[in-house]
Amino acid sequence: MIDIKNLDTYAKNTWCPGCGNFSILNSIKSVISELSGQIPIENFVIVSGIGCHAKIVDYINVNSFYSLHGRAVPAAEGIKIANPRLKVIVFAGDGDAYGEGLEHLIFAAKRNIDITVIVHNNRVYGLTVGQCTPTSPLGFKGKSTPAGTVEIPFNPLHLLLSSGATFIARGYTHGIDLLKDIFKQAVLHKGFSIVDTLQVCVSFYNMYDYYSKRVYTLKDHNIYDYQSALNKIKEWDYNTDSPISLGVFYKKETATFEENIVKNKNDVSGQRNISKIINERQEIIKKILASLT
Amino acid sequence: MPQRLTKTANEVFAEAMRQINPDVVAAYPITPATEVVQIFSQFVADGKVKTEFVAVESEHSAMSACIGASACGVRTLTGTSSQGLAYMWEMLYIASGLRLPIVMAVVNRALSSPINIHCDHSDTMGARDCGWIQIFSENVQESYDNFLQAVRIAEHQDVRLPVMVTTDGFILSHCLEVVEVLEDETVRKFIGENPERKSILDVENPFTLGALDLQDYYFEHKRQQAEGMKNSLNLIPLIGKEFGDKFGRYYDFAESYKLDDAEIAIVIMGSTAGTAKDVVDQLRDEGKKVGLLKLRVFRPFPANVIQKALENIKVVGIMDRADSVNAISGPLYPEICTSLYDSDKKPLLVDYIYGLGGREVREEDIQLVFSELFNILKTGKTYNLKYIGVRE
Ligand SMILES: Cc1ncc(C[n+]2csc(CCOP(=O)(O)OP(=O)(O)O)c2C)c(N)n1
Ligand code: SF4
Ligand SMILES: [Mg+2]
């Protein structure tokens, strides 16, 4: 097991003091540390979009890929398909995943590829200093909408449930134990998992008080029941005031995209399959490494 | 009376947009261009303009929305930078192919990868064959003046093409300069009314834009588009002269600086022209015959103007703030070569790639370029490409 301290990097942290991103960073580091007993640390790959959230890849000492604004999910899919043994975790912004690159999220959910997407949903474009995003509430006064938005936000979890996501959860950056638990379940889920994380942006949209008054942890909820999941997901529409549930809404066990690919490959050719390809590649890499030492 | 104000290029772009008072602006934020539209959205909120402002979900959507709006015949503006411009790429061709006079502020910033937010010209250069007119600015004043002229150029019936006006990211977009801002009424008169064009909102005469155009007519439409770009060669200097006659600042395709009797010169675009002019002055004080050609308009490429300006020079250094990564040169170099090919007096040409990703360009760098050029003059031996200011 890798000690959590060994997951630190030398990069200077430039998030604003009090930013919710710190909770996400600490929670995921602790999850990676814990899981490193069963998953080799070199098999973790973290992928980010562009935004404040994206800096997280600089702050965790595992393999990482800093992608483009909106394109974290397809990059992660490519990584996973190339080597299905990797544990691929995406960190995306709400602007990133729900705006600029929304289509990728829907298709990743649809094909049930085994990656985890953690959305730092601060409901604002943080890095470009405070404009509205697809989850900003109606009337949100941001830098690009000084008179308030005229659009109603969408509920990303509702959208992802309809898109076929097989693990759907909501976290909050206040209350780190719950966040850790949700992240851990998401990372261990076999298939596409999404954690919409209410991440407070203290500089441009400080919702600590608002959320803290309304959040509660899901209890006695059957995560395998689609209808109950739908009802719970619809309880809060990201716009009107209502209780906000935290925890896992939905989970379904079904074949992943990679498994289906392997199956089809075997069906078609009867010979080559993905694990064989990977084994071959790993042999090659071993040889190269051996020749270097 | 025009006002003398202290403003950044982003601020004057927003100011120009307010004065133009467009019908539609659709945009998506990106550093260092975010402010342009952000300041403008405050004008919208304060009721200072009649504009419908759409805070869309991506740049692809921003340009698409602008295309839709402009197709309805209304005045449409936007702004972006770097990855934003890259993401618009597909739609840039639609705007020019449909002959829609959209005007866009582009704040030059390096393209990923690796990610960088500072100035170079790779974003604009990446869009150089999209059929847009491209105008570069040396300073904040030019950014403002160019933006106003762009509306006239884009909307002229002989041209009818979209225009991007660029400014250098951070160097101009975020730096204050004393500029002259015209009165609102003066601007309104200069740009005139939005000219009538055939539009899809004309319910009496319905028609389709962007319809399937195969072997039968596609080529003719493309030929017409090329003609529009060619026509802009006549129009751009006329508008520049009219602007000068009215407001005292004259514009043409390029600005010759101490070129008349020069033996050695550099060609440059954007803000570094200012630094380079200082170096030219220093060398002139030392009695050296050096000069500079600042290229303002990259599309259309004013080949004749370039040929006339450079054919009597002995050695010319071309300054490219973007790399074509083609194992030959940056994007400006081949265009200059083409311009001079027909001339019997061919100067020796060398390409210098400089300032990528916001790498600072100091006077010493330009001095180095000139000393290289002097060396070439002396020895008669040249090379085609050198990188300036990089560790290698
Ligand atoms: C194609 C493209 N458009 C715009 C940008 C500029 N940009 C960088 S981050 C960002 C928004 C970030 O918001 P979000 O994804 O919510 O992340 P946060 O900063 O809030 O964590 C934008 C618009 C970009 N990098 N690339
Ligand atoms: S701007 Fe907001 S999201 Fe970005 S680091 Fe600061 S508090 Fe965090
Ligand atoms: Mg955000």
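Here is what the cut-offs are and how they apply
- Within each chain, residues carry numbers counting from 1 in the order of the written sequence.
- Both sets of labels track the order of writing: A upward for chains, 1 upward for ligands.
- The predicted origin of the model limits local features to residues at a pLDDT of at least 70 and limits the giving and counting of side-chain atom pairs to 80 or more, whereas totals for whole chains, interfaces and linings rest on all residues.
- Only DSSP runs of H or I covering at least 4 residues are called helices, and only runs of E covering at least 2 are called strands; the numbering of each starts at the N terminus.
- The globule rule used for comparison is 2.2 Å times the number of residues to the exponent 0.38, while the radius of gyration itself is calculated over C-alpha atoms.
- Whether a residue is buried, exposed or partly exposed is read from the other C-beta atoms within 10 Å of its own C-beta, which are placed from the backbone; 20 or more gives buried, 12 or fewer gives exposed, and intermediate counts give partly exposed.
- Residue pairs are scored as contacts if the distance between their C-beta atoms, which are placed from the backbone, is within 7 Å.
- Any residue whose backbone-placed C-beta atom lies within 6 Å of a molecule or strand is treated as near that molecule or strand.
- In this classification, the charged set is Asp, Glu, Lys and Arg, the nonpolar set is Ala, Val, Leu, Ile, Met, Phe, Trp, Tyr, Cys and Pro, and all remaining amino acids, among them Gly, are polar.
- Within this analysis, the arc is defined by the directions that extend from the helix axis to the C-beta atoms.
- These domain limits were set by an automatic method or by a database of domain assignments.
- To form a nonpolar core, buried Ala, Val, Leu, Ile, Met, Phe, Trp, Tyr and Cys residues must be joined through C-beta atoms within 7 Å.
- Whenever a helix is involved, its axis is fitted only over the stretch in contact; in every case the axis is a line through C-alpha atoms, and angles between N-to-C directions fall within 0 to 180 degrees.
- Each angle is binned into one of four classes, with values under 35 degrees roughly parallel, values over 145 roughly antiparallel, values of 65 to 115 roughly perpendicular, and all other values oblique.
- Whether a crossing is left-handed or right-handed is set by the direction in which the near helix is turned from the far one by less than a right angle, anticlockwise for left-handed and clockwise for right-handed.
- A pair of strands is treated as paired once DSSP finds two or more bridges between them.
- Residue-level confidence of the predictor, termed pLDDT, takes values from 0 up to 100.

A short note on the overall build of chain A
Piece 1. Each helix and strand counted, chain A has eleven helices and eight strands in total.
Piece 2. Taken against the 2.2 N^0.38 rule, which gives 19 Å for 293 residues, the C-alpha radius of gyration of chain A at 19 Å falls within 12% of a compact globule.
Piece 3. The dimensions of chain A, computed from C-alpha atoms along their principal axes, are 60 × 45 × 35 Å.
Piece 4. Each of the 293 residues in chain A was classed as buried or not, and the buried ones make up 47%.
Piece 5. Counting contacts in chain A only where the partners sit at least 6 residues apart, residues at least 24 apart contribute 70% of the total.

Here's the deal with the site of ligand 2
Piece 1. The environment of ligand 2 is formed by W15, C16, C19, N21, C52, N122, G126, C201, V202, S203 and F204 of chain A.
Piece 2. Broken down by class, the residue content of the shell around ligand 2 amounts to seven nonpolar, four polar and no charged.

Some thoughts on the interface of chain A and chain B
Often, the extent of an interface is quoted as the loss of accessible area on bringing the components together.
Piece 1. The partner chain B presents 15 residues to the 17 residues of chain A that form the contact.
Piece 2. Split by residue class, the side of chain A that touches chain B holds eight nonpolar, seven polar and two charged.

Some remarks on helix α11 (residues 332-341) of chain B
One turn of an α-helix holds 3.6 residues; hence residues three or four places apart share an orientation.
Residue and element names in this part refer to chain B.
Piece 1. Among the residues making up α11, those that are buried are L332, Y333, E335, I336 and S339. Viewed along the axis of α11, the buried residues span an arc of 165 degrees, placing them on a single side of the element.
Piece 2. Residues of α11 that are buried make contact with β10 (264-268), α10 (303-310), β13 (315-320) and β14 (348-353).

Regarding the site of ligand 1
Piece 1. Surveying the vicinity of ligand 1 reveals 25 residues, the closest of which are G51, H69, G93, G95 and G126 of chain A.
Piece 2. Among the chains of the assembly, those with residues near ligand 1 are chains A and B.
Piece 3. Listed by contribution, the elements that provide at least two residues to the shell around ligand 1 are α4 (94-100) of chain A together with α4 (82-97) of chain B.

What about the environment of Y172 of chain A?
Residue and element names in this part refer to chain A.
Piece 1. Within the secondary structure layout, Y172 lies in strand β5 (residues 167-172).
Piece 2. Residue class for Y172 comes out buried when judged on the 27 C-beta atoms lying within 10 Å of it.
Piece 3. Residue contacts for Y172: discarding those within four places in its chain leaves L179, L198, Y211, V215 and L246.

Remarks on the domain arrangement of chain A
All names here are of chain A.
Piece 1. For chain A, the domain assignment lists domain 1 (4-254) and domain 2 (257-293).
Piece 2. Taking only C-alpha atoms into account, the centre of domain 1 sits 31 Å from that of domain 2.
Piece 3. At the junction of the two partners, domain 1 supplies nine residues and domain 2 supplies four residues.
Piece 4. Residue composition of the side of domain 1 that touches domain 2, by class: three nonpolar, two polar and four charged.

Here's the deal with the nonpolar core
The tendency in soluble globular proteins is for nonpolar side chains to be buried as a group.
Piece 1. V103, V163, A265, V267 and I318 of chain B are the most contacted members of the largest nonpolar core, which has 118 residues in total.
Piece 2. In terms of residue count, helix α6 (residues 140-155) of chain B provides more of this core than any other element does, eight residues in total.
Piece 3. Here this core spans two domains, since at least three of its residues come from each of domain 1 (3-247) and domain 2 (254-388) of chain B.
Piece 4. I24, L157, F192 and Y250 of chain A belong to the second-largest nonpolar core, a separate cluster that totals 63 residues.

With respect to the packing of α6 of chain B against helix α8 (residues 218-247) of chain B
A pair of packed helices is characterised by two quantities: the angle between their axes and the separation of those axes.
All names here are of chain B.
Piece 1. Axis separation between α6 and α8 bottoms out at 10 Å; the angle between their running directions is 130 degrees. In this view, α6 runs oblique relative to α8, as classed from their interaxial angle. Two packed elements cross with a definite hand, and for α6 against α8 that hand is right-handed. Contact residues: D145, Q149, R152 and I153 in α6; S232, L235, I236, I239, G240 and F243 in α8.
Piece 2. For the contact of α6 with α8, a count of residues per class yields five nonpolar, three polar and two charged.

Let's talk about the sheet that holds strand β3 (residues 52-55) of chain B
All names here are of chain B.
Piece 1. Spatially, the seven strands line up as an open sheet ordered β3-β2-β4-β5-β7-β6-β12, and their pairing is mixed. Among the strands making up the open sheet, the edge pair consists of β3 and β12 (297-299). Averaged over all neighbouring strand pairs, the angle between strand axes comes to 20 degrees, with direction disregarded.
Piece 2. Examined bridge by bridge, strand β6 (residues 133-135) and strand β7 (residues 163-168) share three bridges and lie parallel to one another. Among the inter-strand pairings, Q134 is bridged to a residue of β7, identified as M164.

Brief notes about the confidence of the model for chain B
Piece 1. Residue-level pLDDT values for chain B average 97, and 100% of them are 70 or greater.
Piece 2. Model confidence for the complex is summarised by a pTM of 0.95, with the ipTM given as 0.93.

A look at unusual backbone geometry
Note: most peptide bonds trans; most residues except glycine with negative phi.
Residue and element names in this part refer to chain B.
Piece 1. The linkage connecting T31 with the following residue, P32, adopts the cis geometry, with an omega of -5 degrees.
Piece 2. Here P32 lies in the loop between β2 (24-27) and α2 (34-45).
Piece 3. With an omega of 0 degrees, the peptide bond between R299 and P300 qualifies as cis.
Piece 4. The backbone phi angle of R160 is positive, close to 50 degrees, even though this residue is not glycine.
Piece 5. Within the fold, R160 resides in the loop between α6 and β7.
Piece 6. Of note in the backbone geometry, K258 takes a positive phi value of approximately 55 degrees without being a glycine.
Piece 7. Assignment of secondary structure puts K258 in the loop between β9 (254-257) and β10.

Focus on the domain arrangement of chain B
All names here are of chain B.
Piece 1. Along its sequence, chain B is carved into domain 1 (3-247) and domain 2 (254-388).
Piece 2. Computed from C-alpha coordinates alone, the two centres of domain 1 and domain 2 are separated by 28 Å.
Piece 3. In this assembly, 27 residues from domain 1 lie in contact with 20 residues from domain 2.
Piece 4. Among the elements of the structure, α5 (122-126), β6 and α8 are those that each provide at least two residues to the side of domain 1 that touches domain 2.
Piece 5. Looking at the side of domain 1 that touches domain 2 element by element, the count peaks at five residues for α8.

Considerations on the sheet that holds strand β3 (residues 87-93) of chain A
The strands making up a sheet are joined through hydrogen bonds of the backbone, oriented either antiparallel or parallel.
Residue and element names in this part refer to chain A.
Piece 1. Read across the open sheet, the eight strands follow the order β2-β1-β3-β4-β6-β5-β8-β7; overall the sheet is mixed. Of all the strands in the sheet, just β2 (63-66) and β7 (215-217) have a single pairing partner and so form its edges. For this sheet, the mean inter-axis angle between neighbouring strands, taken without regard to orientation, is 20 degrees.
Piece 2. Here strand β4 (residues 116-121) pairs with strand β6 (residues 193-198) via six bridges, running parallel. Opposite I118, over in β6, you have V195 as the bridge partner.

What about the environment of A11 of chain A?
Residues and elements named next belong to chain A.
Piece 1. Note on placement: A11 falls in the segment before α1 (21-35).
Piece 2. Separated by 242 residues in the primary sequence, A11 and E253 have C-alpha atoms spaced 38 Å apart.
Piece 3. The residues contacting A11, other than those within four sequence positions of it, are D58 and Y59.

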